[in-house]
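Residue-level structure breakdown
For reference, the chains in residue letters:
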Amino acid sequence: LTLVTAQQGGIDMTTLDLRPAPQAAPAAARVRNHALTEVRLVIRNGEQLLLALVIPIGIVVAGRFLGSRVGLTMDVLAPSVLALAIWSTCFTSQAIMTGFERRYGVLERLSATPLGRSGLLAGKAMAYSVISLAQVILLVIVSLTLGWRPHGSALAWLSSLVSVILAMLAFGLAALAMAGSLKAEVTLGLANLVYIVGLVAGAVVWPLADYPKATRPVVAALPTAALGESLRAWGVGQPLWWPLVSLAVWAFLLGLLARKVFTWIS
């Protein structure tokens, strides 16, 4: 309702304008509100919290006291767990959530609202970026409390920051490609399987140098290895540039794949 002021015979008369004037919120507000909704949904989901916080924090705490037995000092373990957190949130959590949203028709209905398809994807990207940032901050605090002392230089900060952005993009596109082409139950099982495989064999937690020489070229080609190596190099103050090339190629290829196979209706 709006107030309309009119002047009749020198007297101001204020009336209510009851004419309907529906309109969508500004595009930025629509994306922001959708991102906040996505964040709330993830926070309320126990499985997502397990992947996002409980497992990474558990690895950091256990590694602080037992890591030396398997060759993982805090200088290696802390940045590795940061990579694991980004991997779990941007790929595994996003794939599972999007898969079930697609199955229940949420994506189809939201894409028909003023939010639109581009706004929906932008909101998702913003939400998972915020969640990843919160994860990293919390894990850094826990790691510093347990004695980790990073030595990142200016160039190391630059290379690692770009690698994180590219990794989040690549992982998110991989999640959309999986969730947008497979049944929700298949996505649930496959996303968790890929998460475990990446954790063990993707050079996320263990440095690339710990893998057999014969397998290093294959492992190094994975986006998980590129992010892990970049963050481990940042932790000791050494910039590493080859992960940026690897992650950029992965982001491009996965973007093409997601565009090709993603469908809004299950």
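Within any chain, residue numbers begin from 1 and follow the written order of that chain's sequence. Where totals are concerned, whole chains, interfaces and linings use all residues; where local detail is concerned, this predicted model gives features only for residues with pLDDT of at least 70, and gives and counts side-chain atom pairs only at 80 or more. Hydrogens and water molecules were not included; the side-chain quantities draw on all heavy atoms of the structure.

Attention now moves to helix 9 (residues 223-235). At 3.6 residues per turn, the α-helix brings residues three or four places apart onto the same side. Only DSSP runs of H or I covering at least 4 residues are called helices, and only runs of E covering at least 2 are called strands; the numbering of each starts at the N terminus. Here the expected span of a helix is defined as 1.5 Å times the quantity of residues minus one. Here helix 9 is 13 residues long and its end C-alpha atoms lie 19 Å apart, about the 18 Å a rise of 1.5 Å per residue gives. Residue burial is assigned from relative accessible area. The probe radius is 1.4 Å, only protein chains are included, and a residue is buried under 20% of its type maximum, exposed over 50%, and partly exposed in between. Counting buried positions along helix 9 gives 13 out of 13 residues, so the element sits mostly inside the fold. Just past helix 9, the residue Gly237 takes up positive phi, approximately 80°.

For the rest of this paragraph, the subject is the packing of helix 1 (residues 27-44) against helix 5 (residues 116-145). Relative to each other, helix 1 and helix 5 sit at 50°, their axes nearing to 8 Å. Judged by the inter-axis angle, helix 1 sits oblique to helix 5. As helix 1 runs across helix 5, the sense of the crossing is right-handed. The segment helix 1 lies against helix 5, with Val31, Arg32, His34, Ala35, Glu38, Val39 and Val42 engaging Gly119, Leu120, Ala122, Gly123, Lys124, Met126, Ala127, Tyr128 and Ile131. To obtain an axis, a line is fitted to C-alpha atoms, over the contacting stretch when the element is a helix, and the angle between two such axes runs from 0 to 180 degrees between their N-to-C directions. Angle categories are assigned with fixed cut-offs, so that under 35 degrees is roughly parallel, over 145 is roughly antiparallel, 65 to 115 is roughly perpendicular, and the rest are oblique. Two helices that cross are described as forming a left-handed crossing if the nearer one is turned anticlockwise from the farther one by less than a right angle, and a right-handed crossing if clockwise. In what follows, a contact means two residues having at least one pair of non-hydrogen atoms within 4.5 Å.

This part is about the environment of Ala220. By the element assignment, Ala220 lies in helix 8 (residues 216-220). Excluding its chain neighbours within four sequence positions, the residues that come into contact with Ala220 are Leu208, Ala225, Trp242 and Ser246.

What follows is about the environment of Leu173. Its location among the elements puts Leu173 in helix 6 (residues 154-179). With 77 residues separating them along the chain, Leu173 and Trp250 place their C-alpha atoms 9.4 Å apart.

Per-residue pLDDT for the chain has a mean of 83; in total, 88% of the residues score no lower than 70. By definition, pLDDT measures how confident the predictor is in each residue, and it falls between 0 and 100. Per-element mean pLDDT across the chain ranges from 48 in strand 1 (residues 2-8) up to 92 in helix 10 (residues 242-261).

The nonpolar side chains of a soluble globular protein tend to be buried, and buried together. Counting residues in hydrophobic clusters, the biggest one holds 47 residues, and the most contacted among them are Met74, Leu84, Ile86, Phe91, Phe171, Val205 and Leu227. Of all elements in the fold, only helix 2 (46-66), helix 3 (74-103), helix 5, helix 6, helix 7 (184-201), helix 9 and helix 10 reach the threshold of two or more residues within this core. If one sorts the elements of this core by residue count, helix 3 sits on top with 14 residues. Here Phe171 is in contact with Ile86, Trp87, Cys90, Phe91, Pro223, Thr224 and Leu227, once residues within four sequence places are set aside. Among the nonpolar cores identified, the runner-up in size contains seven residues, and Val42, Ala127, Tyr128 and Ile131 belong to it. What we call a nonpolar core is a set of buried Ala, Val, Leu, Ile, Met, Phe, Trp, Tyr and Cys residues that are connected through their side-chain atoms within 4.5 Å.

Turning our eyes to something else, we now look at the packing of aromatic side chains. By convention, a stacked pair of Phe, Tyr or Trp rings (six-membered ring in the case of Trp) has centres within 6.5 Å and planes under 30 degrees apart, an edge-to-face pair has planes over 60 apart, and any other such pair is tilted. What the rule picks out here adds up to six aromatic pairs. When the centroid spacing of 4.9 Å and the interplanar angle of 10° are considered together, the rings of Trp87 and Phe91 count as stacked. With Trp87 and Phe91 both in helix 3 and four residues apart, the pair spans about one turn of that helix. As far as the burial class goes, Trp87 and Phe91 line up, both buried. Plain terms: the ring middles of Trp157 and Trp234 are 5.2 Å apart, the flat faces sit at 80° to each other, and that makes the pair edge-to-face. Residue Trp157 is located in helix 6, and its partner Trp234 is located in helix 9; the two are separated by 77 residues in the primary sequence. Taken together, the aromatic side chains of Trp87, Phe91 and Phe171 make up a single cluster linked through ring pairs.

On to a nonpolar patch on the surface, then. Taken together, the side chains of Val245, Val249, Phe252, Leu253 and Leu256 present a nonpolar region at the surface, about 490 Å² in accessible area. Take Phe252: it is sitting in helix 10. Using a relative accessible area of 55% as the deciding quantity, one classes Phe252 as exposed. Within the patch definition used here, like charges are joined within 9 Å and nonpolar side chains (Val, Leu, Ile, Met, Phe, Trp, Tyr) within 5 Å, considering only residues with over 30% relative accessible area and no salt bridge. Throughout, the Shrake-Rupley method with a 1.4 Å probe supplies accessible areas, and for residues the shown protein chains are the sole cover considered. Salt-bridge detection follows one rule: a side-chain nitrogen of Lys or Arg within 4 Å of a carboxyl oxygen of Asp or Glu.

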